[in-house]
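# Coordinate analysis (summary)
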Amino acid sequence: MDMQTSLLDRLFDAGLLIDTGVDGLYGRSSAFEDVIQRFEGLISAFGSSSPSEVIRFPPGMNRSHFEGSGYMKSFPQLAGTVHSFCGCELDHVNLLQCMAEGNDWTKDQKATDIVLTPAACYPLYPTIAKRGPLPAGGGLFDLQSYCFRHEPSKDPARMQLFRMREYVRMGTPEEVMAFRQQWMERGQELIAAVQLPVEIDVANDPFFGRAGKMLANNQRDQALKFELLIPVTSTAKKTACLSFNYHQDHFGKTWGLTTSDGAVAHTACVGFGLERIALALFAHHGLDTADWPAPVRKALWG
Ligand code: ATP
Ligand code: ZN
Ligand code: MG
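Here the structure is a predicted model, which means the values were calculated and not measured.

Reading the values: the criteria
- Sequence order as written defines the numbering, with residues in each chain counted from 1.
- Note on labels: chains are lettered from A, ligands numbered from 1, in written order.
- The predicted nature of this model means local features are confined to residues of pLDDT at least 70 and side-chain atom pairs, given and counted, to a pLDDT of 80 or more, with totals for whole chains, interfaces and linings taken over all residues.
- Excluded from the side-chain calculations are hydrogens and water; all other atoms, namely the structure's heavy atoms, are used.
- Sites may look incomplete because water is not among the atoms; the donors themselves are N, O and S atoms within 2.8 Å of the metal, or within 3.2 Å for Na, K and Ca.
- By definition, any uninterrupted DSSP run of H or I lasting at least four residues is a helix, any uninterrupted run of E lasting at least two residues is a strand, and each is numbered from the N terminus.
- Exposure classes here rest on a 1.4 Å probe applied to the protein chains alone. A residue is buried below 20% of its type maximum, exposed above 50%, and partly exposed in between.
- Between any two strands, at least two bridges found by DSSP are needed for them to pair.
- Lines fitted to C-alpha atoms define the axes, with helix axes restricted to the stretch in contact, and inter-axis angles between N-to-C directions lie between 0 and 180 degrees.
- By definition, no residue in a patch forms a salt bridge, and every one has over 30% relative accessible area; like charges are joined within 9 Å, nonpolar side chains (Val, Leu, Ile, Met, Phe, Trp, Tyr) within 5 Å.
- Method for areas: the Shrake-Rupley scheme with a 1.4 Å probe, in which residue coverage is limited to the protein chains shown.
- When a carboxyl oxygen of Asp or Glu lies within 4 Å of a side-chain nitrogen of Lys or Arg, that pair is called a salt bridge.
- Among buried residues, those of type Ala, Val, Leu, Ile, Met, Phe, Trp, Tyr and Cys that are joined through side-chain atoms within 4.5 Å constitute a nonpolar core.
- Between two residues, a contact is recorded if the distance between any of their heavy atoms is within 4.5 Å.
- Where a domain begins and ends is set by an automatic assignment or by a domain database.
- Aromatic pairs are defined between Phe, Tyr and Trp rings, using the six-membered ring for Trp, whenever the two ring centres lie within 6.5 Å; interplanar angles under 30 degrees are classed as stacked, those over 60 as edge-to-face, and all others as tilted.
- Criterion for a charge above a ring: Arg CZ or Lys NZ at most 6 Å from the ring centre, at most 35 degrees from the ring normal.

## Points about the coordination of the zinc ion (ligand 2)
- Summarising the metal site, the zinc ion (ligand 2) is bound by the protein donors Cys121 (SG), Glu166 (OE) and Cys269 (SG), whose distances to it range over 2.2 to 2.3 Å.
- One chain supplies every donor to the zinc ion (ligand 2), and in sequence these donors are spaced C-x44-E-x102-C. Here the residue Cys121 occupies a position in the loop between strand S6 (110-116) and helix H6 (124-129), and Cys269 occupies one in strand S12 (residues 266-273), the gap between them amounting to 148 residues. Of the two residues, Cys121 and Cys269, neither departs from the other in class, the shared state being buried.

This is the structure we're talking about:
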């Protein structure tokens, strides 16, 4: 049995995660949720020195915003759309018959105006652009959302529905780069505070197809993405638990987002994979939080 299966099985056995029959789709126990809530408190404490606007979007976003973001160009394999039955009574009869016969009843479902959010920051850019130019000094936002990615896996750290906490900075290139640098340092301090081993490395997103290889290489060469890695299911293949992304003027151009003096805004975000951090804590400190080292308990529960 490989390491991954065994951590997932141990989490199921301990009741921390609850099997739904679908890889990457789990229920969470109150102990698991408590760790996530406490860790989010720690994130907020580290982020509190810079005032941010708190916004919470639901886990679905406006389909036209999703389309405009270019997500399907880069990551068509990960996206999840929301489809619904939009037919008449006869269509309903046919639907039920189709289901009763065990045939594919989903092919006549119609796309709704909602797409599952792939990353917590995607709904933010068009929302802020609609307000007009950014104020002097730019903007800083605090987000958290369940996100969907179609990447079913037995690796408990690769879920299909998981939460991402993010801070997003919008402004001049200098403002945005300073933000990212600051969070790369804070992120390491944060993880050290809960006694997990950390490593930072340049990274790339899983761009689709052959053209995607070039985009990935470009992202690495320009050091646009860094990841904070923690061993969770394997010490050889560490898991990205935080990521630090510089989008340059991509979202600024896409949504017409400008700084106070009319220049195209640059953006960056830091994303915390909340389930991955919780899993790292359980993997390193044990499945019972009562047994965690005192300094870790103090950092989380005070
Ligand atoms: P990976 O390289 O492991 O696929 P990623 O670099 O694609 O992850 P990002 O797109 O940067 O991830 O997302 C921000 C954060 O969300 C990641 O740092 C990670 O902690 C978390 N995350 C991403 N995908 C998943 C997933 N499938 N399950 C749980 N957490 C995830
Ligand atoms: Zn983001
Ligand atoms: Mg990655």
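## Thoughts on unusual backbone geometry
- Phi angles above zero are rare outside glycine, and Gln195 is one such case at about 55°.
- Within the secondary structure, Gln195 is located in the loop between helix H7 (173-193) and strand S9 (199-202).
- Residue class for Gln195 comes out partly exposed when judged on its relative accessible area of 39%.
- For Ala223, which is not a glycine, the phi torsion comes out positive at approximately 50°.

## Quick look at the sheet that holds S9
- Pairing is mixed across the open sheet formed by seven strands, whose spatial order is S3-S7-S8-S12-S11-S10-S9. Bordering the open sheet on either side are strand S3 (53-55) and S9, each of which pairs with just one other strand. Neighbour to neighbour, the strand axes of the sheet diverge by 20° on average, direction disregarded.
- Taken together, the eight bridges between strand S8 (residues 161-171) and S12 define a ladder with antiparallel strand orientation. Bridging from a neighbouring strand, Met164 pairs with Gly273 of S12.

## Quick word on the sheet that holds strand S5 (residues 81-84)
- Spatial ordering of the open sheet is given by S4-S6-S5, a layout of three strands whose pairing is antiparallel. A strand with exactly one partner marks an edge of an open sheet, and here the two such strands are strand S4 (60-62) and S5. Taking the axes of each pair of neighbouring strands and ignoring which way they run, one obtains an average angle of 50° across the sheet.
- Looking at chain direction, S5 and S6 are connected through three bridges and run antiparallel. Across the sheet, residue His83 finds its bridge partner in S6, namely Ala111.

## Side note on a nonpolar patch on the surface
- A cluster of nonpolar residues, Leu96, Met99 and Trp105, forms a patch on the protein surface that exposes about 280 Å² of accessible area.
- For Trp105, the position within the fold is in the loop between helix H5 (89-100) and S6.
- Taking relative accessible area as the criterion, Trp105 reaches 35% and is therefore assigned partly exposed.

## Some words on the nonpolar core
- Counting residues in each nonpolar core, the largest one holds 76 residues, and the members touching the most others are Phe39, Val168, Met170, Trp183, Phe272 and Leu281.
- For this core, the leading source of residues is helix H10 (residues 274-285), giving seven residues.
- Once you skip the residues sitting within four places of it in the chain, Trp183 turns out to touch Ile43, Phe46, Gly47, Tyr167, Leu190, Phe244, Val270 and Phe272.

## Section: the domain arrangement of the chain
- For the chain, the assigned domains read domain 1 (2-80 + 118-301) and domain 2 (85-113).
- Computed from C-alpha coordinates alone, the two centres of domain 1 and domain 2 are separated by 36 Å.

## Overview of the packing of aromatic side chains
- Per the counting criterion, the structure on display carries twelve aromatic pairs.
- Seen in terms of ring centroids, Phe66 and Tyr71 are 5.5 Å apart; in terms of plane orientation they differ by 45°. Their pairing is tilted. A single burial state applies to Phe66 and to Tyr71, both of which are buried.
- Ring geometry for Phe75 and Phe207: centres 5.1 Å apart, planes at 25°, overall stacked. Remark: Phe207 occurs in the loop between S9 and helix H8 (209-221) and Phe75 occurs in the loop between helix H4 (71-74) and S5; sequence separation between them is 132 residues.
- Its relative accessible area of 9% is what places Phe75 among the buried residues.
- Stacked on the ring of Trp183, the Lys or Arg Arg186 has its end atom at 4.8 Å from the ring centre.
- Here Arg297 stacks its cationic end above the ring of Trp301, 4.8 Å away from the centre of that ring.

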